[in-house]
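# Structural characterization, general
Spelled out from the first residue to the last, the chains are:
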Amino acid sequence: MLVGVVVFGLIPAGRTVMLSLGPGEDRLVFYRLAVLDPLVWLAAVNTLGFAILFATLQTVFATVVALLIVSANVWAGRVLAAVLFAAHVLGATFAGVLFSAWFVDRRGGLNGLLQTVGLTSEPIDFLASPTLAMPILLAVALFGGTGFAVLWVLAALRRADPHIADAALLDGCGPLRRIRHATLPQIRPTLAMLVVAGLFFGMTLFELPYVLFDGPGPGYRVLTGAMLVFSAGLVRGDVGYASAIAVLLAIATTLVVALTCRLLRVGREEVGLE
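Residues numbered from 1 in each chain as written. Predicted model: local features only at pLDDT ≥ 70, side-chain atom pairs only at ≥ 80, totals over all residues. Heavy atoms only, no water.

## A closer look at the overall build of the protein chain
Formally: The helix and strand labels rest on DSSP assignments: H or I over at least four residues marks a helix, E over at least two residues marks a strand, and numbering proceeds from the N terminus. Per-residue accessibility, obtained with a 1.4 Å probe over protein chains only, is compared with the maximum for each type, and a residue is labelled buried under 20%, exposed over 50%, and partly exposed between these values. Computed with the Shrake-Rupley method and a 1.4 Å probe, the accessible areas treat only the protein chains shown as cover for residues. His is not counted, nor are the chain ends, whereas Lys and Arg count as positive and Asp and Glu as negative. Every charge is mapped to an atom, namely NZ of Lys, CZ of Arg, CG of Asp or CD of Glu.
Scanning the protein chain from terminus to terminus reveals 13 helices and zero strands. Taken from the N to the C terminus, the helices and strands of the protein chain come in the order α-α-α-α-α-α-α-α-α-α-α-α-α. Based on the C-alpha atoms only, the size of the protein chain along its principal axes is roughly 75 × 60 × 30 Å. Within the span of the protein chain, comprising 274 residues, buried residues form 36% of the whole. For the protein chain, the computed accessible surface area is about 16200 Å², with 70% contributed by carbon and sulfur atoms. Charged side chains in the protein chain number 17 positive and 15 negative. The centres of these two groups are separated by 4 Å.

## Some remarks on the side chain of Gln58
Selection rule: By definition, residues are in contact when any of their heavy atoms lie within 4.5 Å.
Relative to the elements of secondary structure, Gln58 occurs in helix H3 (residues 38–71). With relative accessibility at 4%, the residue Gln58 sits in the buried group. If we ignore the near neighbours within four places in the chain, the residues touching Gln58 are Leu142, Gly145, Thr146, Ala149, Leu194 and Gly198.

## Side note on the nonpolar core
A general trend in soluble globular proteins is that nonpolar side chains are found buried together. Spelled out, the test is: To form a nonpolar core, buried Ala, Val, Leu, Ile, Met, Phe, Trp, Tyr and Cys residues must be joined to one another through side-chain atoms within 4.5 Å.
Within the largest apolar cluster, 22 residues are counted, with the highest numbers of intra-cluster contacts made by Phe50, Phe103, Ile136, Leu137, Val140, Leu212 and Phe213. When contributions to this core are tallied by element, the ones reaching two or more residues are H3, helix H5 (92–104), helix H6 (109–116), helix H7 (130–159) and helix H11 (207–213). Per element, the largest residue contribution to this core is eight residues, and it comes from H7. When neighbours within four sequence positions are excluded, Phe103 is seen to be in contact with Leu110, Asn111, Ile124, Phe126, Leu127, Ile136 and Val140. Counting 17 residues, the second largest nonpolar core, distinct from the first, contains Phe30, Ala43, Met227 and Val247.

## Examining the packing of aromatic side chains
The test is simple: Stacked, edge-to-face and tilted are the three classes for Phe, Tyr and Trp ring pairs, Trp counted by its six-membered ring, which pair at centre distances within 6.5 Å; planes under 30 degrees apart are stacked, over 60 edge-to-face, the rest tilted.
Evaluation of the coordinates by the stated rule reveals eleven aromatic pairs. Aromatic side chains Phe54 and Phe201 sit 5.0 Å apart centroid to centroid with 40° between the ring planes, which places their arrangement in the tilted category. Placement of the pair is Phe54 in helix H3 and Phe201 in helix H10 (residues 188–203), with a sequence separation of 147 residues. Taking the relative accessible area as the measure of exposure, Phe201 reaches 30% and is therefore partly exposed. An aromatic cluster is built from Phe99, Trp102, Phe103, Phe126 and Phe143, whose rings are joined through pairwise contacts.

## Observations regarding the environment of Arg236
Structurally, Arg236 is set in the loop between helix H12 (225–235) and helix H13 (239–263). Overall, the relative accessible area of 52% leaves Arg236 in the exposed class. Distance in space between the C-alpha atoms of Arg236 and Val104 is 28 Å, their sequence separation being 132 residues. In this structure Arg236 touches Ser231 and Tyr241, once residues within four positions along its chain are discounted.

## A look at the confidence of the model for the protein chain
The criterion, for reference: Each residue carries a pLDDT value, the predictor's own confidence for that position, ranging from 0 to 100.
For the protein chain, the average pLDDT comes to 87, and 96% of its residues sit at 70 or higher. For the stretch residues 270–274, pLDDT sits under 50, and the model shows one contact to residues farther than four places along the chain or on other chains.

## Examining unusual backbone geometry
One non-glycine residue, Asp214, lies in positive phi territory at about 55°. Turning to its location among the elements, Asp214 is positioned in the loop between H11 and H12. Note on Asp214: relative accessible area 67%, which makes it exposed. Phi at Tyr220 is positive, roughly 55°, even though this residue is not glycine. Looking at Tyr220, the relative accessible area reads 40%, which means it is partly exposed.

Below, the structure is given as structure tokens:
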């Protein structure tokens, strides 16, 4: 494991830092260009906004669905959990291809569904709309990621002490109050972990918007930091500039994740040994 970390992690990271330093005496030229580039700031806003929305909505949706599964029939709950996780197994690339065809098709797909129920008479070019670009990306990402989060919440719920909820019931608490005061505090570490994992996924997002929109989308509305690194380094061949953006993205991701861990007190929970 240590060899793998060094060969595939530390060495490439060190090489990226070296490439990000400019030639001659002006070693920070690529970083200054990146700070002055409006596309870098646009990608930063898109990336951070998506990461926050995805991490929040995924955790909320997963918690609600997991609570419904626990309260439902055993077999119905297992089938629902399996279906949700199957969407996660498909992967971001396949989901991007699948939903791209679904949104682009002017006679079938979403357009066909809307025309069948009478909500629209003309086909809509969903992927060409700057207003719909980010909501579409967020919806597809949640489709693929919620099943993963549901399994974690289900595992946490099964480890929760049922006597606490029973005591709340005896005290006259309703269903929502029992969930809020008896159930959620017990699974808070898992929910915090899901928020952190969602933020990390959002900050490093690349393949899903690239495949879904075949690029940065209309008006660069789904341009992410990782996509900008790919465009600058592998498309334009500006390796030094791409490396500088990659270093800035890594620093930003580390700061966002570290700040979130501190706010959510990740790793500071009291752990009971059985």
